Structures are given as C-alpha cells and as structure tokens.
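Descriptive structure summary
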Amino acid sequence: MRKQIVAGNWKMNKTFSEAETLITEIADALDEVDLKDAEVVLCPPSLYLEMTTDVAFESNFKVGAQNIYPEDSGAFTGEISPLMLKELNLAYCIIGHSERRKYFNETNEFIQRKVDALLKHNIRPIFCCGEVLPEREAGNHFDVVKRQVEESLFHLNVDAFINVVIAYEPVWAIGTGVTASKEQAQEMHAFIRGLVSAKYDGNTANETTILYGGSCNGKNARELFAQPDVDGGLIGGASLKADEFLQIVTSF
Ligand code: PEP
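Predicted, not measured: the structure shown is a model, and the values here were computed from it.

1. Some thoughts on the pattern of salt bridges
This model, assessed by the stated rule, comprises 14 salt bridges. The shortest N-O distance in the salt bridge between E39 and K62 comes to 3.9 Å. Here the residue E39 occupies a position in strand 2 (residues 39-43), and K62 occupies one in strand 3 (residues 62-65), the gap between them amounting to 23 residues. Residue classification places E39 among the buried positions, given a relative accessible area of 12%. Of the residues examined, K62 reaches a relative accessible area of 39% and is grouped as partly exposed.

Structure, rendered in structure tokens:
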C-alpha cells in the first residue's frame with residue numbers, strides 16, 4: 001500500500017536556535033505518539049539540514065530539503081546540489097513549489113531537470129503542482145495540473161516514477177487560511193491518480209503518494225486525510241508549531 005506522509009515545509013523561517021528548539025520539540029513529541037504507518041518529513045532551510053539530520057538519526061522522522069539546483073557541482077553561486085543532499089542522507093526534496101515558480105520563474109521544464117537530478121541520487125522529489133485562483137475560476141485547473149504533471153514527470157519510466165511523491169497545492173490556498181474543501185481536494189487527487197494510471201498502470205497509480213497542501217491545519221487535517229485519494233499533507237505555516245504539527249501527523 002502507498003505511503004502516508006506529512007511533510008513540514010518551514011520555508012524561510014526560524015533562527016538557528018529557534019529551529020533547534022522546534023526540531024527537538026517535534027522529535028520528543030514524536031516519541032510519544034503512534035504514527036501508524038505514516039512517515040513524518042521535516043524540510044527546514046538548507047542551513048539547518050545537517051543539524052536536523054543529526055536529530056533525525058535517533059528519532060522518528062525523515063529530513064527533506066526545500067530546493068536544489070539540478071547539477072552535482074559547478075559555478076552556481078548560492079545554490080545547493082543533490083550530491084550535497086545525498087551526503088547528508090536526505091530522503092526527500094521539495095520541488096516545483098508555487099513560490100519558486102512565482103518568485104524564481106521556475107518552469108515545468110526546469111523542474112523536470114530537478115526531478116532527474118534528485119532521482120539520480122535516490123532522493124525522492126516531493127513534486128508540487130496546483131493552479132492559481134484565476135485558473136480555477138476559469139475552470140482550467142485540471143488542464144493546468146495535467147500540464148505540470150506531464151511536463152515535469154511523465155518522461156520518467158515507471159521504475160523511476162514510483163519514487164516521486166506528488167503534492168497538490170492549489171496556490172490560492174497556500175498561506176491564505178482558505179483551505180480547499182475535502183471535495184475539491186479529493187476531486188483533484190483522483191484526477192491526478194487517473195493521469196498516472198493512464199500514463200503508467202493502475203498499480204503504479206495505487207502506489208503513488210499524493211499529498212494535499214494549502215492551509216492544512218490541526219482542525220481540518222483529519223477530514224482531508226480521510227479522503228480516499230489524499231495520502232497526507234505538505235504543511236507550511238502549521239508545521240512551525242510543534243503542537244499543531246503533531247496534531248496533523250496524528251490525523252490519519
Ligand atoms: C506550502 O507552502 O507548501 C503550504 C502548504 O503552506 P501553508 O500550509 O502555509 O498554506
């Protein structure tokens with residue numbers, strides 16, 4: 001059966017000491033709860049990755065990065081590479097986040113290169129897709145998501161694809177406090193799973209983890225995660241408070 005995952009995307013938040021405190025609080029709390037079969041992933045700013053992996057080594061969570069540049073090394077000032085993440089034994093890396101698409105002009109093609117660069121080092125991409133509000137209002141949300149998934153992921157063969165985690169994140173729901181309804185989430189997740197089934201096969205679609213992201217919190221996680229095609233969440237703001245994040249990871 002496919003993996004259920006809750007991943008915390010800290011974005012560009014927390015000082016070093018605040019991050020240390022939050023990681024310790026989460027690690028301690030995770031020791032006390034039954035995660036069932038769910039996996040917890042923390043994605044702190046890259047500066048804190050090593051410290052986070054040190055704690056994760058003795059705890060019940062995995063670590064992910066928030067971004068990479070799709071080369072192993074080279075003259076790319078300010079960037080970090082998948083090879084560097086591999087040396088830290090990182091399990092996951094977020095790519096295609098709407099903030100990177102918006103502020104750094106990342107295209108589906110560039111994100112495809114990141115997918116390949118991560119998979120080359122056995123790091124699982126958490127691939128974000130989702131429409132902006134005018135696209136939903138115009139009824140184009142399925143087309144937009146289809147294009148994002150096709151152009152960044154569907155060049156992969158099935159053995160590679162099975163390592164990808166997809167996160168559906170309607171951009172109008174990110175950081176806004178406006179969550180997609182459980183029906184809207186389920187509808188899009190089922191659509192994405194259908195795309196995977198048509199491209200690969202039913203078994204691959206069944207094994208693909210599809211997360212929901214966008215103002216998911218301790219109050220709404222349970223009903224979202226109860227949807228048949230919602231396999232957990234990618235959590236921004238609510239992952240910055242240990243007690244609320246713990247409420248979410250125990251919402252299956
Ligand atoms: C995100 O940025 O991936 C996200 C889901 O943010 P938030 O939970 O704050 O909406």
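2. Structural notes on unusual backbone geometry
Leaving glycine out, the prevailing phi sign among residues is negative, and the prevailing peptide bond configuration is trans. Phi angles above zero are rare outside glycine, and K11 is one such case at about 50°. Positionally, K11 belongs in the loop between strand 1 (5-9) and helix 1 (16-31). Even without being glycine, N122 reaches a positive phi, approximately 60°. Residue placement: N122 occurs in the loop between helix 5 (108-119) and strand 5 (124-129). When its relative accessible area of 67% is taken as the criterion, N122 is described as exposed.

3. A look at a negative patch on the surface
On the surface, a cluster of negative charge is contributed by E25, D28, D31, E32 and D243. Take the negative patch: its biggest share by element is 3 residues, from helix 1. With respect to the element layout, D28 can be found in helix 1. A relative accessible area of 47% means that D28 is categorised as partly exposed.

4. Comments concerning the state of the cysteines
A complete count under the given rule lists 0 disulfides for this structure. Between C43, a cysteine without a disulfide, and C93, which holds the nearest cysteine sulfur, the sulfur-to-sulfur distance is 7.8 Å. The class for C43 is buried, based on a relative accessible area of 0%. Here C128 is not disulfide-linked; the sulfur of C129 is the nearest cysteine sulfur, at 7.6 Å. Residue C128 is classed as buried on the basis of its relative accessible area of 1%.

5. Digging into the site of the ligand
Looking at the ligand, there are 14 residues lining it, with K11, H97, E169, G175 and S215 nearest. Separating an oxygen atom of the ligand from a side-chain N or O atom of K11 is a distance of 2.5 Å. The separation between an oxygen atom of the ligand and a polar main-chain atom of G237 is 2.9 Å. Across the shell around the ligand, the residue classes break down as 4 nonpolar, 8 polar and 2 charged.

6. Quick look at the side chain of E244
Looking at where E244 falls in the secondary structure, it is placed in helix 12 (residues 242-249). From its side chain, E244 meets the backbone nitrogen of G218 in a polar contact 2.9 Å long. In this structure E244 touches N217, G218 and A238, once residues within four positions along its chain are discounted.

Parameters and conventions
Residues numbered from 1 in each chain as written. Predicted model: local features only at pLDDT ≥ 70, side-chain atom pairs only at ≥ 80, totals over all residues. Heavy atoms only, no water. Salt bridge = Lys/Arg side-chain N within 4 Å of Asp/Glu carboxyl O. Helix = DSSP H or I, 4+ residues; strand = E, 2+ residues; numbered from the N terminus. Buried < 20%, exposed > 50% of the residue type's maximum accessible area, 1.4 Å probe, protein only. Patch = residues over 30% accessible without salt bridge, like charges linked within 9 Å, V, L, I, M, F, W, Y side chains within 5 Å. Areas by Shrake-Rupley, 256 points an atom, 1.4 Å probe, with all protein chains shown as cover. Lys, Arg positive; Asp, Glu negative; His and termini not counted. Charge placed at Lys NZ, Arg CZ, Asp CG, Glu CD. Disulfide = S-S within 2.5 Å. Near = heavy atom within 4 Å. Polar contact = N/O pair within 3.5 Å; in protein donor to acceptor, adjacent residues only side chain to side chain. Nonpolar A, V, L, I, M, F, W, Y, C, P; charged D, E, K, R; others polar. Contact = heavy atoms within 4.5 Å.

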